[in-house]
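Each chain is listed here by its residues.
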Amino acid sequence: MPDGNEEERNLLVRELGIHWIISSILTGRHILTPDEARKYLYPSLHDLHNPFLMKDMLPGVDRMISAVYRKEKVVVYGDYDADGITSVAVLVKFLREIQADAGYYIPDRIEEGYGLNRKAIDRIKDGGASLIVTVDCGISDRDEVLYAASLGLDTIILDHHEVSGPLPNAVASINPKRPDDTFPLKHLAAVGIVFNFLIALRGSLRKNGFWHDKPYPNLKEYLDLVALGTIGDICPMVDENRIFSRVGLELLTEGKRTGIRALKEISGIDDSTVDSEKASFCLIPRINAAGRVGLPGEAVELLLSDSVTEARELALKLESYNRKRRALEKVILDEIVEHIDSTIDSSNRTSFVMASDKWHPGVIGIVASKIADRYDRPAILISLRDGVGKGSGRSIANFNIFQGLKECEDYLISYGGHRYAAGISILEEDIAQFSDLLDEIVRENVQKSDFVSATFIDAQCHLNDITHELLSQMELLAPFGSRNPEPVLCVRNVNALSPAIVGKNHLRMRVSQSGVSRNSIWFSQGHFIRDLHDSFFDIAFTPQINYWNGSSDIQLKMKDIKVREN
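Overview of the structure. Since the model is a prediction, treat every value here as computed from it, not as a measurement.

Rules of the game
Residues numbered from 1 in each chain as written. Predicted model: local features only at pLDDT ≥ 70, side-chain atom pairs only at ≥ 80, totals over all residues. Heavy atoms only, no water. Helix = DSSP H or I, 4+ residues; strand = E, 2+ residues; numbered from the N terminus. Rg over C-alpha atoms; globule rule 2.2 N^0.38 Å. Contact = heavy atoms within 4.5 Å. Areas by Shrake-Rupley, 256 points an atom, 1.4 Å probe, with all protein chains shown as cover. Disulfide = S-S within 2.5 Å. Buried < 20%, exposed > 50% of the residue type's maximum accessible area, 1.4 Å probe, protein only. Pairing = 2+ DSSP bridges. Lys, Arg positive; Asp, Glu negative; His and termini not counted. Salt bridge = Lys/Arg side-chain N within 4 Å of Asp/Glu carboxyl O. Polar contact = N/O pair within 3.5 Å; in protein donor to acceptor, adjacent residues only side chain to side chain. Axes fitted to C-alpha atoms, helices over the stretch in contact; angles between N-to-C directions. Phe/Tyr/Trp six-rings, centres within 6.5 Å; stacked < 30°, edge-to-face > 60°. Core = buried A, V, L, I, M, F, W, Y, C linked by side-chain atoms within 4.5 Å.

Before going further, it helps to examine the overall build of the chain. Summing up its helical and strand segments, the chain has 18 helices and 16 strands in all. Compactness check: the chain gives a C-alpha radius of gyration of 25 Å against a globular reference of 24 Å for 566 residues, within 12% of the reference. By its C-alpha atoms, the chain is 80 × 60 × 50 Å across when sized along the principal axes. For the chain, contacts bridging at least 24 residues in sequence account for 65% of all contacts bridging at least 6. Total accessible area on the chain is roughly 25700 Å²; 48% of this is exposed by carbon and sulfur atoms.

Below, the structure is given as structure tokens:
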């Protein structure tokens, strides 16, 4: 439960006319002044920062302008996840819209791996390009950038991964995580950096009179793709990320882009409002699946397509890849959970490092995320091939996995990533020592309490406070995500009416307090039904509107319950 200043809460209620619960949520999230609250509740494109605050933005834009005017061939070199795919699509679409000669290249996850590689650079050179723009990769590829330069290829880097060691010798290394960078938001997705690059590029071309006889492109129309990449990379939902996502989700709901419309249809949400949850669980997994078990270029083509027929065919392919991904993921997850639960004392482990030559490298990142969530410990899963492992790691809130890997670099061929997610290459013979060292590092840096899931309460209230008016205002807090989770409220001393198990072990009941009652649902927690009879308890929940059979009603999405002692 946050400690709040009552004076600050009352100020926001008076100045903004908001519900006191909304004010409590805001102050609990350190949004304290009316101006801060307005910017948070009503995010606007006018509040974007000056993109030229990013180091190297000017030389990067100048080099691109030169390529545009000289009709040089530009290749956008991306990553195979949703952030990388949307980054490629946004930049290529803009460059083609201004009649630039732009293509793209995404390496094969299994055969080539992440980042620039020499064979790919050779192909790009043979194809007649003179400029490579890396998106969502490149900041660690010092040798490859030098090799490209030796072939006469310039490189612009647009990346958001942690910077380790000297910067590549590129024309521009644009990354807000550079130590010398002054851009206010350090945690942009790669597609957010691409969008900032386009703001700077469009403005500079305008000053040069580029559009005196051409239509001026509206960058707002790209924000549906920017939102997908930002949400897909689990970026903090603050500052520019919040602006991009709020506007972009509105565009995703409209579904004007042909490829997005086809993707929504195949996902079964073509008539739905797209919020961050639907984007995360319906659209983004299908884009990711192309890079995990299929061809990422097909996801790019879907997002670029103007043909309804082509878009539907590509969406069907992504659906097929996603089904394959889910099946592979389930087999690996079940195997790992059984192994941990039957052979490992998880209370004595502070991290999990596991390897197998049977695991598909395209899905181990998702499984690592589920293991980290399930056991509240960092997890790294490694796919082995010919004595070399390619690993994906996911972390918990209070452990920076990138910094942890930095302390283990003697055992690693290579590594990269950021606070919550990372990738490694490692010799099979070094895995055991690496695992032991990482476990020691986590143990030294993380408190025991961090290994236990806790429910954070935003505000305590009564059931009669949960009204349609409150829920209407609560929509202004969206989009939800990292550093802006769904609000969790607490009501004490309620009792259960007609508890029942529905669906796949979901607990449905009506909760009552002082003559007021509300419907509730607690997903996957039907086993708690035996604790609720003839008991009073405290509940933690997120209130929402439940739409069912053409009607709507207030429903409490339960997060936790504490049975009160008699």
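A few words now on the state of the cysteines. The final tally for this structure, using the stated rule, is 0 disulfides. Here C235 is not cross-linked by a disulfide; its sulfur's nearest cysteine counterpart is in C137, at 16 Å.

Here the focus is the pairing of strand β6 (residues 352-356). Taking burial as the measure, the 5 residues of β6 include 4 buried ones, the bulk of the element. Strand direction decides the pairing type here: β6 and strand β7 (residues 379-385), joined by 5 bridges, are parallel. Bridge assignment links V353 to a residue of β7, and that residue is I380.

This part is about the environment of I466. Tracing the sequence through the fold places I466 in the loop between β11 (459-460) and α18 (468-474). I466 sits in the buried class, given a relative accessible area of 0%. As a C-alpha pair, I466 and K55 span 411 residues in sequence and 47 Å in three-dimensional space. Those residues in contact with I466 that lie beyond four places of it in its chain are C461, L489, R518, F541, P543, I554 and L556.

Assignment of secondary structure puts R242 in helix α10 (residues 239-254). Despite being buried, R242 has no salt bridge partner; D47 is the closest side chain of opposite charge, sitting 9.5 Å away. A polar contact is formed between the side chain of R242 and the backbone oxygen of L477, at a distance of 3.0 Å. If we skip the residues at most four places from it in the chain, R242 touches Y40, L41, P43, M237, L476, L477, A478, P479 and N484.

Below, the discussion takes up the sheet that holds strand β9 (residues 414-417). With mixed pairing, 5 strands are arranged side by side in an open sheet as β6-β7-β8-β10-β9. Two strands in the sheet have a free side with no partner beyond their single neighbour: β6 and β9. For this sheet the average axis-to-axis angle between neighbouring strands, irrespective of direction, equals 15°. Summarising the sheet, β9 and strand β10 (residues 421-427) pair through 4 bridges and their orientation is antiparallel. Bridge pairing in β10 places G416 opposite G423. Docked against the sheet, helix α15 (residues 364-375) engages β6, β7 and β8 (388-394), running at close to 45° with respect to β8. Packed onto the sheet, helix α17 (residues 431-445) meets β6, β7 and β10 and runs at close to 165° relative to β6.

Take the packing of aromatic side chains next. Summed over the entire model, instances satisfying the criterion amount to 9 aromatic pairs. Ring centres of Y77 and Y105 lie 5.3 Å apart, and the angle between their planes is 20°; on these two criteria the pair is classed as stacked. You can see Y77 sitting in strand β1 (residues 73-77) and its partner Y105 sitting in strand β2 (residues 101-105), a full 28 residues away along the chain. Among the aromatic side chains, those forming a connected cluster through ring pairs are Y69, F210, W211 and Y216.

In terms of nonpolar packing, the biggest core is built from 102 residues, with L91, L95, L158, F197, L201 and I371 touching the most fellow members. Sorting elements by how many residues they give to this core places helix α14 (residues 308-343) first, with 10 residues. Formed by 36 residues, the second largest nonpolar core is a distinct cluster that contains I31, C461, M474 and M509.

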